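If you want the building blocks of each chain, they are given just below.
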Amino acid sequence: MARLLEGRAVLVTGGGGEIGGAIASRFAREGASILVADLRPQAAEAVAAAIRANGGIAEAFVADMGCPEDCARAVEAAAAAFGKLTTLVNVAAAESPEASIEALPLAAWNTALAVNLTASFLTAKHAVPHMRAAGGGSIINIASQLGQIGVFNRVAYSTTKAALIQLTKCIATEYGPDNIRANTISPGSISTARSAKSYGSIENARRVRGPAHLLGRQGRVEEIAAGAVFLASEESSFMTGADLLLDGGYLAFKGELPVKSK
Ligand SMILES: NC(=O)c1ccc[n+]([C@@H]2O[C@H](COP(=O)([O-])OP(=O)(O)OC[C@H]3O[C@@H](n4cnc5c(N)ncnc54)[C@H](O)[C@@H]3O)[C@@H](O)[C@H]2O)c1
């Protein structure tokens, strides 16, 4: 069967994490070569090594996406490793403390801005010339359903994810004529260690967060990876400046669900 991403050269930031790792692995299975960039060297190497063990092409790269020089280095490293860059997936996000606006330190706000937003501006800035040279490309920024509503105690996260959606529309606007598409994915609550942090355990998070979604459960990392494959491939060739909402219905309904009769 034809693979959807044959010949693509991809940078995945935050590729050592759960959603980033799932995207990197699925992209590799679809024929893409991946530079797995992450702050955590061992996590990046583990994902790259697993891809190689399955016959795919991947390299690990250590980068702090909160650092402008590292944003440039990661893009250039991907282009150098594979001779071109066709696809950029920005997944890395800072772990901001949960705190009210009054309590959140300015430093935490600035870190969230740098990693969740400025890095996507900078990687796009450096990736565009490579994509233009390749005849086009696809930029995918992982936003959040929490970037589309007000959220208690997560002002930096929610605000940067909202701005990421707008940044992505601007990238799509400027580079559509170069055949460079840019879209966001807004996941609902996905079952990962990160999303479980405030709930004590993955099982607890599933129990509490699941019912907030119309499908009655949290999402799986593979379901986000499937959306990313769609956005990176020709299957979405007429889609740019859009947000792909993969939230199990989280944003669609905020009333009270009817009590099920026995
Ligand atoms: N899990 C969810 O419920 C959920 C929901 C909506 C959106 N998202 C988004 O999906 C993405 C991945 O989430 P996840 O649950 O897989 O989390 P994760 O913690 O497993 O992955 C995040 C990765 O980013 C890396 N990272 C953090 N700061 C970095 C930096 N400065 N430079 C480079 N790498 C850095 C981490 O080391 C980690 O490997 C994030 O953008 C998150 O906001 C997650």
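Residue numbering note: each chain is counted from 1, following its sequence as written. Residues qualify for local features only when their pLDDT is at least 70, as the model is predicted, and side-chain atom pairs are given and counted only at 80 or more; totals for whole chains, interfaces and linings, by contrast, use all residues. Neither water nor hydrogens contribute to the side-chain values; these are computed over all heavy atoms in the structure.

### A word on the overall build of the chain
Rule in force here: Helix numbers and strand numbers start at the N terminus; a helix is a DSSP run of H or I with at least 4 residues, a strand a run of E with at least 2. Throughout, the radius of gyration refers to the C-alpha atoms, and the reference size of a globule is 2.2 Å times the residue count to the power 0.38. Each residue gets one of three labels from its accessible area relative to the maximum for its type: buried under 20%, exposed over 50%, partly exposed in between, using a 1.4 Å probe on protein chains only. Two residues qualify as a contact provided that any one of their heavy atoms is within 4.5 Å of a heavy atom in the partner residue.
Of the regular secondary structure elements, the chain holds eight helices and seven strands. Taken against the 2.2 N^0.38 rule, which gives 18 Å for 262 residues, the C-alpha radius of gyration of the chain at 18 Å falls within 12% of a compact globule. With respect to the principal axes defined by its C-alpha atoms, the chain has extents near 55 × 45 × 40 Å. With 262 residues in all, the chain has 49% of them scored as buried. Sequence-distant contacts in the chain: of pairs separated by 6 or more residues, those separated by 24 or more amount to 71%.

### What to know about the packing of aromatic side chains
Stated formally: Stacked, tilted and edge-to-face are the three classes applied to pairs of Phe, Tyr and Trp rings, where Trp contributes its six-membered ring and a pair requires centres within 6.5 Å; stacked means planes under 30 degrees apart, edge-to-face means over 60, and tilted covers the rest. The rule for a charge over a ring is simple: NZ of Lys or CZ of Arg within 6 Å of the ring centre, and within 35 degrees of the ring normal.
A full pass over the atoms with the stated rule returns zero aromatic pairs. One residue, R154, lies across the ring of Y157, its end atom 4.3 Å from the ring centre. Positioned over the ring face of Y250 is K254, at 4.3 Å from the centre of the ring.

### What about the pattern of salt bridges?
Stated precisely, the cut-off is as follows: The rule for a salt bridge is simple: a side-chain nitrogen of Lys or Arg has to be within 4 Å of a carboxyl oxygen of Asp or Glu.
Tallying each qualifying case throughout the model produces nine salt bridges. The partner of E95 in a salt bridge is K197, and the shortest N-O contact between them spans 3.0 Å. Of this pair, E95 sits in the loop between β4 (87-90) and α4 (106-133) while K197 is found in the loop between α6 (193-196) and α7 (202-209), placing the two residues 102 residues apart along the sequence. Put simply, E223 and R217 hold a salt bridge, and the shortest N to O gap is 2.8 Å. The exposure class of E223 is partly exposed, given its relative accessible area of 29%. The network of salt bridges with common partners includes R217, R220 and E223.

### Thoughts on the site of the ligand
Keep this limit in mind: Summary of the distance rule: residues count as near a molecule or strand when at least one heavy atom falls within 4 Å of that molecule or strand. Under the rule applied, a polar contact is a pair of N or O atoms within 3.5 Å (in protein, one hydrogen donor and one hydrogen acceptor; residues adjacent in sequence only if both atoms are side-chain atoms). Only Asp, Glu, Lys and Arg are considered charged, only Ala, Val, Leu, Ile, Met, Phe, Trp, Tyr, Cys and Pro nonpolar, and every remaining residue, Gly among them, polar.
The environment of the ligand is formed by 28 residues, the closest being D38, M65, V91, Y157 and I190. In the environment of the ligand, an oxygen atom lies 2.8 Å from a nitrogen or oxygen atom belonging to the backbone of I19. Of all the secondary-structure elements, those providing two or more residues to the shell around the ligand are α1 (18-29), α5 (155-175) and α6. Of the residues belonging to the shell around the ligand, the class tally is 13 nonpolar, nine polar and six charged.

### A look at a nonpolar patch on the surface
Here is the rule we go by: Each patch is built from salt-bridge-free residues with over 30% relative accessible area, joining like charges within 9 Å and nonpolar side chains (Val, Leu, Ile, Met, Phe, Trp, Tyr) within 5 Å. All accessible-area figures derive from a Shrake-Rupley calculation using a 1.4 Å probe, and residue coverage is judged against the displayed protein chains alone.
There is a patch of nonpolar side chains on the surface, built from L214, F253 and L257 and spanning about 270 Å² of accessible area. Within the fold, L257 resides in the segment after β7 (243-246).

### Side note on the packing of α1 against helix α8 (residues 221-232)
Our working rule: Simply put, an axis is a line fit to the C-alpha atoms, just over the touching stretch for a helix, and the angle between two N-to-C directions goes from 0 to 180 degrees. Convention used here: angles under 35 degrees read as roughly parallel, angles over 145 as roughly antiparallel, angles from 65 to 115 as roughly perpendicular, and any remaining angle as oblique. Take the far helix as your reference; a near helix turned counterclockwise from it by less than a right angle gives a left-handed crossing, and one turned clockwise gives a right-handed crossing.
Taken N-terminus to C-terminus, the directions of α1 and α8 make an angle of 50°; their axes are 8 Å apart at the nearest point. One finds that α1 runs oblique with respect to α8. For α1 against α8, the interelement crossing comes out right-handed. Packed against α1, whose contacting residues are E18, I19, A22, I23, R26 and F27, the element α8 presents V221, I224, A225, A226, A228, V229 and A232 at the interface.

### Side note on the sheet that holds β4
Note the following rule: In this scheme, strands are said to pair when DSSP sees at least two bridges between them.
Strand order in the open sheet formed by seven strands is β3-β2-β1-β4-β5-β6-β7, and the pairing between neighbours is parallel. On the outer flanks of this sheet lie β3 (57-62) and β7, each paired with one strand and no other. Pairs of neighbouring strands in the sheet enclose a mean axial angle of 15°, with direction left out of account. Sheet topology places strand β6 (residues 180-187) next to β7; four bridges connect them, and they run parallel. Looking across to β7, one finds that S186 is bridged to L245.

### A short note on the state of the cysteines
Note the following rule: Cysteine sulfur pairs qualify as disulfides if the two atoms are within 2.5 Å.
If you walk through the whole model with that rule in mind, you get zero disulfides. C71 provides the cysteine sulfur closest to C67, a residue in no disulfide bond, and the two sulfurs are 7.0 Å apart. Classification of C67 by relative accessible area gives partly exposed; the value is 21%. No disulfide involves C170; its sulfur sits 18 Å from that of C71, the nearest cysteine.

### So, the side chain of D247
Rules: Counted as positive: Lys and Arg. Counted as negative: Asp and Glu, with His and the chain ends omitted from the count.
The residue D247 is located in the segment after β7 in this model. No salt bridge is formed by the buried D247; the nearest opposite charge belongs to K254, separated by 7.4 Å. From its side chain, D247 meets the backbone nitrogen of L251 in a polar contact 2.8 Å long. Not counting the four nearest positions on each side in its chain, D247 is found in contact with Q145, S186, P187, G188 and H213.

### Describing unusual backbone geometry
Backbone geometry places N153, a non-glycine residue, at a positive phi of 65°. On the secondary structure map, N153 appears in the loop between β5 (137-142) and α5. Of the residues examined, N153 reaches a relative accessible area of 37% and is grouped as partly exposed. Of note in this structure, N179 is not a glycine but carries a positive phi near 65°. Turning to its location among the elements, N179 is positioned in the loop between α5 and β6.

Purely geometric stuff here, so don't read any function into it on its own.
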